[in-house]
There are 2 protein chains.
Amino acid sequence: MSSEQTLPERPADVPSAEAAEGGEGGEGGEKLSKKALKKMEKEKEKAEKKRLQQEKEAAAKAQADANDVSKDKYGDTPIIGTADYKPLTQKRYKLHELAEIADGTNVLIRARVHNARSQSAKLAFLNLRDRLDTIQAVIAASETLSRQMVKFASTLSSESIVDVVGTVRGVTDPIKSASISNAELHIEELWVISRAPNQMPIQVEDAESRIPNENAAEEKTETGRPTVTLPTRLDNRVIDLRSTLNQAIFQIRDGVQQLFEEYLRKHDFLKIDTPKLLGAPSEGGANVFEVKYFDKKAYLAQSPQLYKQMMIAADYKRVFETAPVFRAENSNTTRHLTEYTSLDLEMEFEHDYHDVIHFIRDLLLYILQGLETRYTKQTERVRKEYKTEAFLVPKNPADVPIITFREGVALLKEAGTEISELEDINSTEEKQLGNLIRTKYNTDFYILTEYPLDARAFYTMPHKTDPRFSHSYDFMLRGQEVLSGAQRIHDQAMLKERCKVLGIDADGPGLKDYVNTFAYGCAPHAGGAFGAERIVLNWLGLGNVRLATLFPRDPSRLTP
Amino acid sequence: MSSEQTLPERPADVPSAEAAEGGEGGEGGEKLSKKALKKMEKEKEKAEKKRLQQEKEAAAKAQADANDVSKDKYGDTPIIGTADYKPLTQKRYKLHELAEIADGTNVLIRARVHNARSQSAKLAFLNLRDRLDTIQAVIAASETLSRQMVKFASTLSSESIVDVVGTVRGVTDPIKSASISNAELHIEELWVISRAPNQMPIQVEDAESRIPNENAAEEKTETGRPTVTLPTRLDNRVIDLRSTLNQAIFQIRDGVQQLFEEYLRKHDFLKIDTPKLLGAPSEGGANVFEVKYFDKKAYLAQSPQLYKQMMIAADYKRVFETAPVFRAENSNTTRHLTEYTSLDLEMEFEHDYHDVIHFIRDLLLYILQGLETRYTKQTERVRKEYKTEAFLVPKNPADVPIITFREGVALLKEAGTEISELEDINSTEEKQLGNLIRTKYNTDFYILTEYPLDARAFYTMPHKTDPRFSHSYDFMLRGQEVLSGAQRIHDQAMLKERCKVLGIDADGPGLKDYVNTFAYGCAPHAGGAFGAERIVLNWLGLGNVRLATLFPRDPSRLTP
């Protein structure tokens, strides 16, 4: 498997040659001027010179190869898919598996070069990376391994992708620079699958440190390296995302969604896909993006709220949706995005909407306990970097405090905050209340119910005995709302009356279909929506919603 | 639990009274004119008359109640959530469970009234429905059950939701009018949770029959009822979706997504959420919706293609996404929508993209076999109505034919179709080829590979030995493409060269971030995207993509 023998002409060279031929063909019918003839001759000379130079280089290479005992053991493979070459046949392993493999096992892995350094002309070290893990690889010149190969390895650019054949060897002194500290890999073959350039816009190692503040200028971290700012990281997001820090964050984000779906499917929920393109703005009309829809206008859905309720009216009983939602809010905060992933659910209940509160409580507990047990490594990686306190997960459902809004306001008043029980609390007060409850109940997860009716959407069921309040609830993690929900009005006359009181046009194009739905019989129901990012954020203590989003969108960012 | 005693004033009545008071209050400071006084007196008279009438009715009702042995066993509950009432305490069952329950079991169920009919003053039948199932319920007057209650039951409007307490009794003659044919429910209590009106815009029973042709005018079905056209059904989609036919279709659609995720998660795939709002049109710029984004423009993603590849370049190895995609194609066909659900996946491979073909083949086989075994009842319901032939699912992966495009064209030529092997085939030819392969290999699932390079997107890897073709593939069910995919170019120089040849601006705002991604090292990868609707469509033989979509969007439909 000598790459030199099999490396094809890179297709990149081909089309330009074709283009040149095409050009000549087009001009072929005309006589050539003297000037053109001179130019042609010059080009001929140049080409001849180049040919001779290439021959010379090839000869030198052949000479070097003849002296290189390792010449069939390393090199650049062709761009995979463009030419035949003899593939490696050793058994492939994943990098993380090497931590638990028998000493002396011969393996083949594909990994990134995290970095390479030369110790001497005879010895070099590579740090190899795959997602959350790194391992140290050693390459040492010997009778069967050439110095040329050691040099080839030591000069590899960081972020290149390589196939490595080698033997796993246990070590006595733990290797501190790699996540796998009990073993190293002794390189026998080394093939470059894809080369990274010597200069990268940002270093993956720089992306391994936390961002203390969204707007912070470059500052020094504890290691003495400058912190790369969030905008710079987001501009180079594909490199940034390679860090073990981001791998951990986005494995956890995936975990949140997996646990959400897992629990709901166990409980007979059906996944639905409701439209994001709407004929009219539905929920008030503010903060909605307008779309040019052929010769008409359309609007992007701010939530699947109305549709998931329509699915209840259509007898689908228990439904969920995980999909993007769009908010045209022109605010640049650490908590808002113009596009995010909403984890929605809606379900029928028999008599009392508290059944739904309890169901969602058990669901969120399942997610938190799942993160705790299945994502320990990822959680530790991130919390260590962000110096986040452990999350107090209640052990049993009964340990999750369910507190009415009035009780919450009373707690805040006791603590000296002057607020009304008939107005919504702001995010600072929410945070404060979270701290009070943490102290009182030893939990970072609690539920606040019965919000003032005026603070909730028009479709919210008023409180049974005190219509100043409502059958609503917010779920709080570390004092931040991660889910908002309520019992909905399922009776059309009552819904129309609420619209009338609030001055909302129930018969207008935005609400007509929705309101009409409830004319044809509908079971009592309630639901809610999690922000996927919010759960990740508060689980890890990240402080900025952008850090929990692959490619965040805000009023000033639409790329990459 | 007498509904008469506990039924609250419906809140609907309250605000209008308040509004009237508010009006008088506002005028209170001024002297009243003679005209106004006269008006007031008239209204007073009217109110008095109404009060007397109500008293009379209440007295008659009280009299009737006194004679009604069942008076505490039926009625309308208050709107649930608006008033206290004594809930039923019997054990709740799901309707479908009654098929397998012991004779004589006392149950409580919540269900829709599918229809009600009176046999005599002493006997009535209700057909009760819950999703895919119906059961016959009987109510017979006796010493302990009043004729008033029988009348109440027999006059219930279809589509009302009821709580029923009763006893399950086996029957000797199968009941043909219900899906549960071996038992009926003898009603003991009957409470209306939500009433439907006597007139519905369409009948659920009408939604139970297939739609023979999208544009067909009303025609008679075999039962003699007129077929309600698709546009009418879609206009009344919430009622339409209640039919057992639609319940079956959307349970299967959910199943497709569940099986897709299940298989990918088993194989170490990570779910990602990539942005739908883009700063510039990315894939050519045609057929893309434009969004007003504050003082800028944004564009809706036509697919997550570029982002899922960027996630591979960011080392996420194996990723999938299930999300809406948007296509501004102004074509009204049975195969196109402006918004649909794309099931995307992208993965690294070692040496040969056929590994990815085989992986996706096994995935689709898993989905089809899963539908066959887990969704038998739903599949039968729909195929019976649409007179669809059974789907020939290959038993083993090796039974799925993998045919090159050239071989496919040769088969078509043999059959007399005149086509070129360097141009893509159209949907009619696809269908024809599907039939030829069905005959030859006895399968409704096959894979066509190595499409002409010119027929594929710019990022497609050209064929290794013949650059007129490409490393691409389509997956076919019943001769219709359900997945399109390819190996992607992972080398930046090669990708830029392809853009140049095709006249695509690799440095423009739409592609810059994507193309730059490949400068920093990227593993070889391939992937594809299923249209969720397409799988459902061809599995069931529906013939129109709208029928597999909850709330379809096309150039002329943005509602409901």
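Under the annotation held in an unreviewed UniProt entry, chain A carries the name Aspartate--tRNA ligase, cytoplasmic and is attributed to Microthyrium microscopicum. Database annotation for chain A, UniProt heading Subcellular location (unreviewed entry): "Cytoplasm". As recorded by UniProt, the Catalytic activity (unreviewed entry) comment attached to chain A reads in full: "tRNA(Asp) + L-aspartate + ATP = L-aspartyl-tRNA(Asp) + AMP + diphosphate".

*Asks:* Please explain the overall build of chain A as it appears in this structure.
*Replies:* A tally of helices and strands in chain A yields 15 helices and 17 strands. If one aligns the C-alpha atoms of chain A with their principal axes, the spans along those axes are about 95 × 75 × 45 Å. Counting every position in chain A, which comprises 560 residues, the buried fraction comes to 56%. Contacts in chain A between residues at least 24 apart in sequence constitute 69% of all its contacts with a sequence separation of at least 6. Each charge class in chain A was averaged separately, 76 positive and 85 negative side chains, and the resulting centres sit 5 Å apart.

*Asks:* Just checking my understanding: could you explain the sheet that holds strand β9 (residues 290-293) of chain B for this structure?
*Replies:* Strand pairing in a sheet is mediated by backbone hydrogen bonds. Such pairs are either parallel or antiparallel. Spatial ordering of the open sheet is given by β8(A)-β10(A)-β9(A)-β9(B)-β10(B)-β8(B), a layout of six strands whose pairing is antiparallel. Every other strand in the sheet has two partners, leaving β8 (277-278) of chain A together with β8 (277-278) of chain B as the edge strands with one partner each. One ladder, built from three bridges, connects strand β9 (residues 290-293) of chain A with β9 of chain B; its direction is antiparallel. Along β9 of chain B, the bridge assignment pairs Lys-292 of chain A with Glu-290 of chain B.

*Asks:* Would you take a moment to explain the relation of the copies chain B and chain A for this structure?
*Replies:* One copy of the chain maps onto the second through a rotation around an axis plus a translation along that axis. Take chain B, turn it by 180 degrees, move it 0.0 Å along the axis, and it overlays chain A with an RMSD of 0.2 Å. The superposition of one copy onto the other is thereby described by a two-fold rotation axis. The position closest to the rotation axis in chain B is occupied by the C-alpha of Val-291 of chain B, lying 2.3 Å away. Most of the interface of chain B is mirrored in chain A, where 100% of its interface residues are also at the interface.

*Asks:* Can you help me understand the interface of chain B and chain A in this one?
*Replies:* The extent of an interface is frequently quoted as the accessible surface area lost upon association of the parts. Contact with chain B, which involves 115 residues of that partner, is made by 115 residues of chain A. Around 9700 Å² of area is buried between chain B and chain A when both sides are counted, 57% of it from carbon and sulfur atoms. For the interface between chain B and chain A, the tally reads 20 salt bridges. A salt bridge links Asp-268 of chain A to Lys-94 of chain B; its shortest N-O distance comes to 3.5 Å. Run the count over chain B and chain A and you get 77 residue pairs in polar contact (both at pLDDT 80 or more). For the side of chain B that touches chain A, the element with the highest residue contribution is helix α7 (residues 244-266) of chain B, accounting for 10 residues. In the side of chain B that touches chain A, the residues fall into 55 nonpolar, 23 polar and 37 charged.

*Asks:* Where do I start with the nonpolar core in this structure?
*Replies:* Taken as a class, soluble globular proteins show a tendency for nonpolar side chains to be buried jointly. In this structure, Leu-345, Leu-364, Phe-445, Tyr-473, Phe-475 and Phe-530 of chain A together with Tyr-514 of chain B are the most contacted members of the largest nonpolar core, which totals 96 residues. The dominant element in this core, judged by the number of residues it contributes, is helix α9 (residues 354-374) of chain A, at 11 residues. Residues in contact with Leu-364 of chain A, not counting those within four places in the same chain, are Phe-445, Phe-475, Leu-477, Val-482, Phe-530 and Ile-535 of chain A. Ranked by size, the runner-up nonpolar core spans 94 residues in total, among them Ile-249, Phe-320, Val-356 and Val-545 of chain B.

*Asks:* I tried to follow the pattern of salt bridges on my own but got confused; where do I start?
*Replies:* It is possible for side chains of opposite charge to pair when their charged atoms get near one another. Across all of its chains, the model carries 84 salt bridges over all chains by this definition. Put simply, Arg-468 of chain B and Asp-466 of chain B hold a salt bridge, and the shortest N to O gap is 2.8 Å. Because the salt bridges share partners, they merge into one network encompassing Lys-94, Asp-130 and Arg-131 of chain A together with Asp-268, Lys-317 and Glu-348 of chain B.

*Asks:* It is not clear to me how the state of the cysteines should be interpreted in this structure. Could you clarify?
*Replies:* Two cysteines form a disulfide when their sulfur atoms are joined by a covalent bond. Per the counting criterion, the structure on display carries zero disulfides over all chains. Of all cysteine sulfurs in the structure, the one in Cys-522 of chain A sits closest to Cys-499 of chain A, which takes part in no disulfide; the separation is 15 Å.

*Asks:* Can you help me understand the packing of aromatic side chains in this one?
*Replies:* Two aromatic rings are characterised by how far apart their centres lie and by the angle between their planes. Across all of its chains, the model carries 36 aromatic pairs over all chains by this definition. Pairing Phe-405 of chain B with Tyr-451 of chain B gives two aromatic rings, centres 5.0 Å apart and planes at 40 degrees, and the pair type is tilted. Within this pair, whereas Phe-405 of chain B is found in helix α11 (residues 405-414), its partner Tyr-451 of chain B is found in the loop between β14 (445-449) and β15 (472-477), the two being separated by 46 residues in sequence. Of the two residues examined, Phe-405 of chain B and Tyr-451 of chain B, each falls in the buried class. One aromatic cluster is present, built from ring pairs that chain together Tyr-263, Phe-269, Phe-359 and Tyr-366 of chain A. When the ring centre of Phe-469 of chain A is taken as origin, the NZ or CZ atom of Arg-406 of chain A, which lies over that ring, is 4.0 Å away. One cation-aromatic arrangement involves Arg-456 of chain B over Tyr-451 of chain B; the distance from NZ or CZ to the ring centre is 4.4 Å.

*Asks:* Sorry, what's going on with the side chain of His-463 of chain B here?
*Replies:* All names here are of chain B. Relative to the assigned elements, His-463 resides in the loop between β14 and β15. A polar side-chain atom of His-463 sits 3.0 Å from the main-chain amide nitrogen of Thr-465. A polar contact is formed between the side chain of His-463 and the backbone nitrogen of Asp-466, at a distance of 3.2 Å. Apart from residues no more than four positions distant in its own chain, His-463 is found in contact with Arg-406, Glu-450, Phe-469, Ser-470 and His-471.

*Asks:* Where do I start with the sheet that holds β15 of chain B in this structure?
*Replies:* Residues and elements named next belong to chain B. With mixed pairing, eight strands are arranged side by side in an open sheet as β7-β11-β12-β17-β16-β15-β14-β13. Lying at the two open borders of the sheet, with one neighbouring strand each, are β7 (270-271) and β13 (402-404). Pairing of strand β11 (residues 318-326) with strand β12 (residues 339-348) involves nine bridges; the strand directions are antiparallel. For Glu-321, the partnering residue across the bridge sits in β12 and is Asp-344. Across the face of the sheet, helix α9 (residues 354-374) comes into contact with β11, β12, β13, β14, β15, β16 (480-487) and β17 (525-531) while running at roughly 15 degrees to β15. Where helix α15 (residues 532-540) meets the sheet, it contacts β12, β15, β16 and β17, and its direction lies at approximately 140 degrees from that of β16.

*Asks:* Could you clarify how one ought to interpret the environment of Leu-337 of chain A in this entry?
*Replies:* Residue and element names in this part refer to chain A. Secondary-structure assignment places Leu-337 in the loop between β11 (318-326) and β12 (339-348). The buried category is assigned to Leu-337, whose relative accessible area is 8%. In this structure, the C-alpha to C-alpha distance between Leu-337 and Gly-166, residues 171 residues apart in sequence, is 46 Å. When residues no more than four places from it in sequence are discounted, the contact partners of Leu-337 are Arg-327, Val-545, Arg-546, Thr-549, Pro-552 and Arg-553.

*Asks:* I keep staring at the packing of α11 of chain B against helix α12 (residues 427-441) of chain B and nothing clicks. Help me out?
*Replies:* The angle between the axes and the distance between the axes are what describe a pair of packed helices. All names here are of chain B. Where α11 meets α12, the closest approach of the two axes is 10 Å, and the angle between their N-to-C directions is 90 degrees. In terms of orientation, α11 lies roughly perpendicular with respect to α12. Residues Gly-408, Leu-411 and Leu-412 of α11 form the contact with α12, whose own contacting residues are Glu-429, Gln-432, Leu-433, Leu-436, Ile-437 and Lys-440. Classifying every residue of the contact of α11 with α12 gives five nonpolar, two polar and two charged.

*Asks:* Mind showing me how you'd approach the pairing of β9 of chain A here?
*Replies:* Walk down a regular strand and you will see the side chains alternate between the two sheet faces. Residues and elements named next belong to chain A. Side-chain alternation along β9 places Val-291 and Tyr-293 on a buried face and Glu-290 and Lys-292 on a face that remains uncovered. In this structure, β9 lies alongside strand β10 (residues 296-300), joined through four bridges in antiparallel fashion. If you follow Glu-290 over to β10, its bridge partner there is Tyr-299. If you look at the hairpin formed by β9 and β10, you'll find two residues sitting between the two strands, and Phe-294 has a positive phi there, around 55 degrees.

*Asks:* Looking at this structure, I do not really get the domain arrangement of chain A. What am I missing?
*Replies:* Residue and element names in this part refer to chain A. Looking at chain A, the domain boundaries give domain 1 (76-194), domain 2 (204-240) and domain 3 (244-548). Counting residues at the interface gives 11 residues for domain 2 and 12 residues for domain 3. Of the roughly 1000 Å² buried between domain 2 and domain 3 on both sides combined, carbon and sulfur atoms contribute 44%. There are one salt bridge connecting domain 2 and domain 3. The salt bridge involving Arg-381 is made with Glu-208; its shortest N-O contact spans 2.9 Å. There are six residue pairs in polar contact (both at pLDDT 80 or more) connecting domain 2 and domain 3. Going through the elements one at a time, α5 (230-235) and α6 (237-240) are the ones with two or more residues in the side of domain 2 that touches domain 3.

*Asks:* Would you take a moment to explain helix α12 (residues 427-441) of chain A for this structure?
*Replies:* What sets the pattern is the α-helix's 3.6 residues per turn: residues three or four places apart point alike. Residue and element names in this part refer to chain A. With 15 residues, α12 ought to run about 21 Å at 1.5 Å a step, and its terminal C-alpha atoms sit 20 Å apart, in line with that. If you check which residues of α12 are buried, you get Glu-429, Glu-430, Leu-433, Gly-434 and Ile-437. When α12 is viewed along its axis, its buried side chains cluster within an angular range of 145 degrees and face the same direction. Seen from the buried face of α12, the exposed residues on the opposite side, beyond 90 degrees, are Thr-428 and Thr-439. As for α12, its buried residues are in contact with β13 (402-404), α11 (405-414), β14 (445-449), β15 (472-477) and β16 (480-487).

*Asks:* Can you walk me through unusual backbone geometry in this structure?
*Replies:* Peptide bonds are trans in most cases, and residues, glycine excluded, mostly fall at negative phi. With an omega of -15 degrees, the peptide bond running from Thr-559 of chain A to Pro-560 of chain A counts as cis. Position of Pro-560 of chain A among the secondary structure elements: in the segment after α15 (532-540). For Arg-131 of chain B, which is not glycine, the phi torsion reads 55 degrees and is therefore positive. The residue Arg-131 of chain B is located in the loop between β3 (123-130) and β4 (133-140) in this model.

Conventions used here
- Along every chain, residues carry numbers that run from 1 in the direction the sequence is written.
- Chain A is the first chain written and ligand 1 is the first ligand written, with later ones labelled in order.
- It should be noted that, the model being predicted, local features are given only for residues of pLDDT at least 70 and side-chain atom pairs only at 80 or more, the latter also being counted only at that level, while totals for whole chains, interfaces and linings use all residues.
- Neither water nor hydrogens contribute to the side-chain values; these are computed over all heavy atoms in the structure.
- UniProt positions are given in the numbering used here, feature names are shortened, and annotations may be inferred rather than shown by experiment.
- Helix and strand assignments follow DSSP, with helices taken as H or I runs no shorter than four residues and strands as E runs no shorter than two, numbered in order from the N terminus.
- Note on exposure labels: buried denotes an accessible area under 20% of the residue type's maximum, exposed denotes more than 50%, and partly exposed covers the range between, all computed with a 1.4 Å probe on protein chains only.
- By definition in these notes, contact holds between two residues if any of their heavy atoms fall within 4.5 Å.
- Counted as positive: Lys and Arg. Counted as negative: Asp and Glu. His and the chain ends are not counted at all.
- Every charge is mapped onto a representative atom, which is NZ of Lys, CZ of Arg, CG of Asp or CD of Glu.
- By definition, two strands form a pair when at least two bridges between them are found by DSSP.
- Least squares is the method for superposing the copies, and the C-alpha atoms it fits come from residues with pLDDT of at least 70 in both.
- By buried area we mean how much accessible surface two parts lose on assembly, using a 1.4 Å probe and totalling the loss over both.
- The term salt bridge refers to a side-chain nitrogen of Lys or Arg lying within 4 Å of a carboxyl oxygen of Asp or Glu.
- We call two N or O atoms a polar contact when they sit within 3.5 Å, provided that within protein one can donate a hydrogen and the other can accept it, with sequence-adjacent residues counted only if both atoms are side-chain atoms.
- Only Asp, Glu, Lys and Arg are considered charged, only Ala, Val, Leu, Ile, Met, Phe, Trp, Tyr, Cys and Pro nonpolar, and every remaining residue, Gly among them, polar.
- What makes a nonpolar core is a set of buried Ala, Val, Leu, Ile, Met, Phe, Trp, Tyr and Cys residues whose side-chain atoms join them at distances within 4.5 Å.
- When two cysteine sulfur atoms lie within 2.5 Å, the pair is treated as a disulfide.
- Side-chain rings of Phe, Tyr and Trp, where Trp is taken by its six-membered ring, are said to pair if the distance between their centres is within 6.5 Å; with planes under 30 degrees apart they count as stacked, over 60 as edge-to-face, and otherwise as tilted.
- Placement of a charge over a ring requires the Lys NZ or Arg CZ to be within 6 Å of the ring centre, with the centre-to-atom vector within 35 degrees of the ring normal.
- Only the contacting stretch of a helix is used when fitting its axis, a line to C-alpha atoms as for every element, and angles between N-to-C directions run 0 to 180 degrees.
- Note on angle classes: values under 35 degrees are labelled roughly parallel, values over 145 roughly antiparallel, values of 65 to 115 roughly perpendicular, and the remainder oblique.
- For each domain, the first and last residues come from an automatic or database assignment.
- Multiply 1.5 Å by the residue count of a helix minus one, and that product is the helix's expected span.
- Think of it as the arc spanned by the lines of direction from the helix axis to the C-beta atoms.

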